[in-house]
Every structure is written in structure tokens, then in C-alpha cells.
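Below are the chains, spelled out letter by letter.
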Amino acid sequence: MSEKTLKFNSKTIHGGQQPDKAYGAVMPPIYQTSTYAQSTPGGHQGFEYSRSANPTRTALENSLASIENGNFGLAFGSGLAAIDAVIKLLNPGDEVVSTNDLYGGSYRLFKQIFERFGIGFHFVGMQAVGEIEKHINKNTKLIWVETPTNPMMNIIDIAAVSKLAKKHELLLAVDNTFATPYLQTPLDLGADIVMHSATKYLGGHSDVVVGGLVVRDKDLAAKLYFIQNASGAVCGPMDSFLVLRGIKTLHVRMQRHCENGRAVAMYLASHPKIEKVYWPGFESHPGHAIAKNQMKDFGGMISFVPKGSSYEAAIEIVEKLALFTLAESLGGVESLAGHPASMTHASIPKAEREKNGVVDALIRLSVGIEDATDLIADLEQAIG
Ligand SMILES: *Cc1c(COP(=O)(O)O)cnc(C)c1O
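Keep in mind that what you see is a predicted model, and the values were worked out from it rather than measured.

## Brief notes about the site of the ligand
Of all residues adjacent to the ligand, which total 14 residues, the nearest are G79, D175, S197, T199 and K200. Here an oxygen atom of the ligand and a side-chain polar atom of K200 are 2.7 Å apart. With the chains in place, 93% of the 380 Å² that the ligand exposes on its own is no longer accessible. When residues of the shell around the ligand are traced back to their parent elements, those giving at least two are α3 (79-87) and β6 (193-197).

Written out as C-alpha cells, the structure reads:
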């Protein structure tokens, strides 16, 4: 049976995986080694040094490539290390057009590290794809897309952006952390690079920090592999193993994240003390039609603003929540609540944040896979 014809729910378990060659171990062993014996100089079995390649990491990289419908996967020590490798494809003077409502750490990496090295960034609201073209010039090399966006849950039309990228011969990279390949596969929609913080849904258990990239093009893969090895931000064998284990249940977890997300979104939308709820599953959401088209379901990420939009009301709610843990991050089995203005998005200047809707009263939920009744009861006691 050809690997490529497997359905997603089988690829998560079998994609790119074979029983281990040494003893037939069904799960890839954690090859906790830096180096490999050679019979003669250069006489090795495909592995020389674990920065260049490690069998457990290779197993994860093959899994990533499989679930994203790509040909090549690369695993890094964090999501940001994966983004760092993509931007290192560029040279001083090159420019990037990026989603404006973006993961705070990505914004910080672009503005505070790569701008110092002469790379220019334009942050653009991409819900109207026409806006992107206004910022494309002869120096533009890359479009960076995050969808759904974090934390505003805006939806960007990946196929439409891809058309634009191809017209101008630009690379298109999509941060697929929020959606995961269960919901959308950007390479199928024309993207060149898919990026993941595997720390989130792919790992799924809040026990590891890992990043990933997936591409189809062999030359692009070779360039990224060169950067991965030359810069060295690889992930270790133990972390690779944990993410591989997480991916095996990705489809089952995502199904429940989506069901619970829907239940919580509906509850919040009907609550008299809630002003606004951001979730792409609402028909009233401006990106709903695109989301319906490019995503299988709407995910478990929801943002909302309590009535009156006061900072104090938001803080009171997140502090009162008991089953939802107040914490950074998302995508684990347990439900988390966050306050973007003071947590994940604190590194973005207030004026810049608020332009995109990240007001002081905004609360972001990563809805976990507990019983939805318990989650709603917790929100009920916190909101009052
Ligand atoms: C967490 C996150 C990142 C960064 O990943 P790390 O693994 O924390 O380095 C990038 N993009 C999104 C959307 C994220 O949620």
C-alpha cells in the first residue's frame, strides 16, 4: 500500500514510519547519541553526527512530511528556530510581507533580530489579499502567513495568497500551528513552506518545545537542511520521540478540540456579560466562508472580550478560572486561558497591538479535550 494514498487518520500513525531496523521496535527508539561508529573513514550507516541527522529526529521529520502532504520534513529545537531557518534563506536588502496579527515571538524575531541584519518586514492585514500586493517590490522574496491568526482568529485565503506569490515569484510560508494538518494542508493550497510550533497541537501534551518545517521542492529542502545543520538549532532525540507520540493521536484529539471549541464558542456568544467572541465557525465571522473552504473544521482556539471591555474584568475572569489554567501556550489536552496583552503579545507595542484588536480586555482560550460540560461550568463561575 503506497504511503501517499493513506488517509490523514492513518498517516498520523504510519506516515514515514517503519519498524526499527535493529530489533523491530514499533516505536522508534530514542537514539540518545551524539555520534556513530564508522568502519572506515566515511564508512557509516547514514548517520555521522546528531546535529546533521539522528534516527529519532529523522523518524519525526518523515512523519511531519507525511501528515502535511510534503516530501521533506525538518525538525528544530523550537518553532522559532524553524522560523529563524526560513528567514536565513534571505539576504540583507530582501523584504518579507508578513501577516500583521501574528504570533508575538515571530514579530519579535523579525523586528528585533532580522531587521538588524538588513532584512525588511511589512506587517499587513491579509484578510484582503489585495493589501499584500501594495507592499511587494523588487526586493520582496517571501510572504509569511499565519491563519487562523493569533489571537484574533482572522482567516487568510491561502490559495489566493499563493496565486499572488506565484505571480511575483515569491516564496510563500504558512505557520500552520493553530490549524494543524488535520484542519488544513497549506502545501495543497500552493504554499512552498509549512511551519509548525510542534510544541502546541502536534506534541499535544504540553511537555516539549519543538519546531518543524515541511516542503515539497528538493532544492528548497536542501537549502533548509544546509541552514539546519550549519546553524544547528536541531531538536533532540527525546523531544523528537515525544512529538512523534503526540502526532499518533493528533486526529482524535483535534476532533474533540473542535467539538469542545464549538460548544464553548456557542456558550460565550450567548452570554449577556460577553461583548465579543472571535471564532471562525460563526457564520457572522468575516472569514467564515474561506475557513469553511480551506479548513475541515474550526478548531479549539477562541478569543473573547467581556462586556465593558475593561482590563480589570478580563483579569478577574482569568484569575477565577479553575479548570482552565492561566498559562502561555496552547494546543495541549488541557484547557488554557491567556491574556495576550500581558502574556503572549506583551512584546508587541500597545499601539500596534490595539490596531489589530488585541485590546487589554481580550482573553484567549485554548479549549482542551476535557468534558465540555465541565469547561462551560468553569467559565460560568468565572464570568458570573
Ligand atoms: C508557539 C508558536 C510559535 C513559536 O513556537 P515555539 O515552539 O514556542 O518556539 C510560532 N507560531 C505560533 C502560531 C505559535 O503558537
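## A short note on the nonpolar core
By size, the foremost hydrophobic cluster in this structure holds 63 residues, and its most contacted members are L60, L268 and L365. In terms of residue count, the dominant contributor to this core is helix α10 (residues 250-269) (seven residues). Each of domain 1 (3-247) and domain 2 (251-383) contributes no fewer than three residues to this core. Among all residues touching L268, those that are not within four sequence positions of it are I274, V277, I302, F304, L365 and I383.

## Examining the pattern of salt bridges
In this structure the tally under the stated criterion is 14 salt bridges. Note that R57 is salt-bridged to E61, the shortest N-O span being 3.3 Å. Pair noted here: R57 and E61 are both in helix α2 (residues 55-67), with a separation of four residues, about one helical turn. Residue K88 pairs with D84 through a salt bridge whose shortest N-O separation is 2.7 Å. Classification of K88 as partly exposed rests on a relative accessible area of 35%.

## Observations regarding the packing of α3 against helix α4 (residues 104-113)
At a closest axis distance of 10 Å, the pairing of α3 and α4 adopts a crossing angle of 35°. Crossing angle aside, the handedness with which α3 passes α4 is right-handed. Residues L80, I83, D84 and I87 of α3 pack against G105, S106, R108, L109 and F110 of α4. Classifying every residue of the contact of α3 with α4 gives five nonpolar, two polar and two charged.

## Remarks on the domain arrangement of the chain
Assigned domains of the chain: these are domain 1 (3-247) and domain 2 (251-383). Computed over C-alpha atoms, the centres of domain 1 and domain 2 are 26 Å apart. Each side of the interface is counted separately: domain 1 has 39 residues, and domain 2 has 42 residues. Here domain 1 and domain 2 share an interface that buries about 3300 Å² over both sides, 62% of which is from carbon and sulfur atoms. Between the two partners, domain 1 and domain 2, sit zero salt bridges. The interface formed by domain 1 and domain 2 contains 16 residue pairs in polar contact (both at pLDDT 80 or more). If you list the elements that add at least two residues to the side of domain 1 that touches domain 2, you get α1 (8-14), α4, α6 (158-167), α7 (180-183) and α9 (237-247). The biggest single contributor to the side of domain 1 that touches domain 2 is α1, with four residues.

Rules of the game
- Residues numbered from 1 in each chain as written.
- Predicted model: local features only at pLDDT ≥ 70, side-chain atom pairs only at ≥ 80, totals over all residues.
- Heavy atoms only, no water.
- Near = heavy atom within 4 Å.
- Polar contact = N/O pair within 3.5 Å; in protein donor to acceptor, adjacent residues only side chain to side chain.
- Areas by Shrake-Rupley, 256 points an atom, 1.4 Å probe, with all protein chains shown as cover.
- Helix = DSSP H or I, 4+ residues; strand = E, 2+ residues; numbered from the N terminus.
- Core = buried A, V, L, I, M, F, W, Y, C linked by side-chain atoms within 4.5 Å.
- Buried < 20%, exposed > 50% of the residue type's maximum accessible area, 1.4 Å probe, protein only.
- Domains from an automatic or database assignment.
- Contact = heavy atoms within 4.5 Å.
- Salt bridge = Lys/Arg side-chain N within 4 Å of Asp/Glu carboxyl O.
- Axes fitted to C-alpha atoms, helices over the stretch in contact; angles between N-to-C directions.
- Left-handed = near helix turned anticlockwise from the far one by under 90°.
- Nonpolar A, V, L, I, M, F, W, Y, C, P; charged D, E, K, R; others polar.
- Buried area = accessible area lost by both parts, 1.4 Å probe.

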